[in-house]
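Chain by chain, the residues:
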Amino acid sequence: MTPSLLIEQTLNGVQFGIMLFLMSAGLTLVFGIMNFINLAHGSLYMIGAFAGAATQAATGSFALAIVAAPIAAALAGLVLESALLRRFYGRDHLDQVLVTFGTILALNEATRILFGLTPLRMDLPSALAGHVEIIPGAPYPTFRLAILAVGLLVAASLYVIIMRTRLGMWVRAGASDRQIASAMGVNVPLVFAALFATGAALAGLAGVMAAPILSVQVGMGEPILILALVVTVIGGIGSIRGAFVAALLVGVVDTFARVLLTPALGGMAIFMTMAAILAFRPKGLFPAHG
Amino acid sequence: MADNPPHPVRWRDALPPAILIATLAATPLVATAIGDPFLVKVATRVVIFSIAAVALNFVLGFGGLVSLCHAGLFGVGGYVVGVLAWHDFNAEPVWIFHGTSNLAISLPLAAMTSGLAAAAVGAISLRTSGPYFLMITLAFNQMLYYGAIALQKYGGEDGLQIMSDVSLGPFDVSNRYRFFYLALVVLSATLLLTGRFVRSRFGVALRAAAQNETRAIAVGIDPWVYRLVAFVISGALVGVAGALLAAGQQFVSPVDMSWDRSGDLVVMAVLGGIGVVWGPALGAAVFIVLELVLSSWTSHWQLAFGLLVVLIVVTLRGGLADLGRALAGARRMEAARG
């Protein structure tokens, strides 16, 4: 492996990790705080990608698509949460799995009815379509760099919001003890709804940013959902910091495994990494509770 | 806990599964009478997925473990049969052994292999619990899935066609009717076996650990051991189901191992009712018939199906097996009110 290829693949890995972080942030917070396993999180990613592609097709504006995607996903998340999923916060995990599994089937099929079977494409504006030479002789796609920047920005703002603001304090209070937080005057249902919508918006953002690289199609949410679950488990459920570290780890390991091994074996590498980590740390790298 | 060992088998408990088996056993007769052999194919599928769902429910309903890797283990069993038949057909030895299309050899091997895979997955996954367990088994399912795709020699992503005729000892079971009855015998054995396990001391300990882990530990039960043994038994049984599917349709493919198939198995179990051993068999039957009927109406049947799953979770908590009791309860409530 030449140095330039090494750098390129490392950047690819980090960029994929950042995408995974956007997916897992919502998943891990919703789980850590509401004790709710949302398998339909991948559908929100898909909704983001489709909303982005449809917006671009209708208006021709890439910027508008990037803005519309997280909004659409957040709205979908809000509707889903308030109409259905909210009733399942207190139920056991089996019921949660089933209800979100049913939701995935229904949302996938609904998307298929709306948009058909042919994958949609999202085109990049010329400013982002080119390459940048970070080091001489190794051009790197500008758009992937933009993803990296956006992801890091989101991660930093999430950290600031959760650790430094009143809203973040409520979220943390709800995470450590829902009942006490409620007794102290935190409007827990409202915080939950806001949190769910935020997680959905991040998933939608990840979806629309992945859209120009991958194709926009039904079922695109499930592979990334499973990787996001792996990230969540490795990082420790409920831990944003854990999700960040684990997302980068998973992104880099996955990228390199696919380059160095055959594609199918490379697909297994990440699960082996997870098994190895969990064999020693069953609660993940940064357990949020105890 | 209300019931203590030993649990005598009451005829009331044995009646529903007996009716189920008898109904299934009569299907080929009906198929012949109306001249529709497709019915036997459907019934075979029902029987095979019943075995898988009953096997899953052994850990799900009685062990309280929501496993999402059972489709993967199901596929492991299928691939053992497929790979052995491939070696038989191509006359290429597996290491020092010959391949075989004899289910008397490949079925037990399939059970052993998927049992071993379950032991490996369980040993790591069972160190965790609840949501972690669920997510980890889901990840392991994908690992097995990609593992099957990586078997380039055996078809990779396209799956593996079984070219030779499968037999069971000296009997040729490539006949559709014979194969159906073979599967039905395996289902009956699975029901009897799991019923025994659940009622045994082992089963009581397993259920106790699921209901209250702290108390179980306090009375000297090590939940990890019981859960692992249950997981291995369940894995071996689901492997047998996978082996039967592969042998029955002469084909095995990674598609049957994807994680949504694991979800389907959980839906089958819950649909039928996870509180009784035979519930998931009923659930599998309803699931497969529903899938067939809905998909003949519209290509977008998954929309209706997904909504139906949601509706079931919202309303029918004990599954179909509990429907009678739920209705009786509603009538009693009505009577009490009126």
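In what follows, the structure referred to is the one given above.
All of the points below concern the structure found in this document. (Residues numbered from 1 in each chain as written. Chains lettered and ligands numbered in written order. Predicted model: local features only at pLDDT ≥ 70, side-chain atom pairs only at ≥ 80, totals over all residues. Heavy atoms only, no water.)

## Looking at the interface of chain A and chain B
Contacts between the two partners involve 44 residues from chain A, matched on the other side by 40 residues from chain B. In total, chain A and chain B occlude about 3,800 Å² of area from one another, counting both sides; carbon and sulfur atoms represent 82% of this. Joining chain A to chain B, the criterion identifies 0 salt bridges. Within the residue set of the side of chain A that touches chain B, elements represented by two or more residues are α4 (93-115), α10 (221-235) and α12 (263-280) of chain A. Top contributing element to the side of chain A that touches chain B by residue count: α4(A), with 16 residues. For the side of chain A that touches chain B, the residue count by class is 32 nonpolar, 5 polar and 7 charged. (Contact = heavy atoms within 4.5 Å. Buried area = accessible area lost by both parts, 1.4 Å probe. Salt bridge = Lys/Arg side-chain N within 4 Å of Asp/Glu carboxyl O. Helix = DSSP H or I, 4+ residues; strand = E, 2+ residues; numbered from the N terminus. Nonpolar A, V, L, I, M, F, W, Y, C, P; charged D, E, K, R; others polar.)

## Re helix α7 (residues 201-211) of chain B
A turn of α-helix holds 3.6 residues, and therefore any two residues three or four places apart point the same way. Residues and elements named next belong to chain B. Most of α7 is tucked away, with 8 of its 11 residues classed as buried. Considered for burial, the residues of α7 that qualify are Phe202, Gly203, Val204, Ala205, Leu206, Arg207, Ala208 and Ala209. Contacts made by the buried residues of α7 are with α2 (38-60), α6 (176-199), α8 (213-218) and α9 (223-249). (Buried < 20%, exposed > 50% of the residue type's maximum accessible area, 1.4 Å probe, protein only.)

## Let's talk about the pattern of salt bridges
Under the definition given, this model contains 8 salt bridges over all chains. Where Asp254(A) meets Arg258(A), a salt bridge forms, and the shortest distance between an N and an O atom there is 3.0 Å. Within this pair, Asp254(A) and its partner Arg258(A) are both found in helix α11 (residues 240-260), separated by 4 residues, close to a single helical turn. By relative accessible area, Asp254(A) is classed as buried at 4%. Exposure remark for Arg258(A): the relative accessible area of 39% places this residue in the partly exposed category. Across the salt bridge formed by Glu92(B) and Lys153(B), the nearest N and O atoms sit 2.9 Å from each other.

## Here's the deal with the packing of helix α3 (residues 70-89) of chain B against helix α5 (residues 130-149) of chain B
All names here are of chain B. Here α3 crosses α5 at 30°, and the two axes come no closer than 7 Å. Comparing their axes, α5 and α3 come out roughly parallel. Handedness of the crossing formed by α3 with α5: left-handed. Together, His70, Ala71, Gly72, Leu73, Val76 and Tyr79 of α3 and Asn141, Leu144 and Ala148 of α5 make up the contact between the two elements. Looking at the contact of α3 with α5, its residues break down into 6 nonpolar, 3 polar and no charged. (Axes fitted to C-alpha atoms, helices over the stretch in contact; angles between N-to-C directions. Parallel < 35°, antiparallel > 145°, perpendicular 65-115°, else oblique. Left-handed = near helix turned anticlockwise from the far one by under 90°.)

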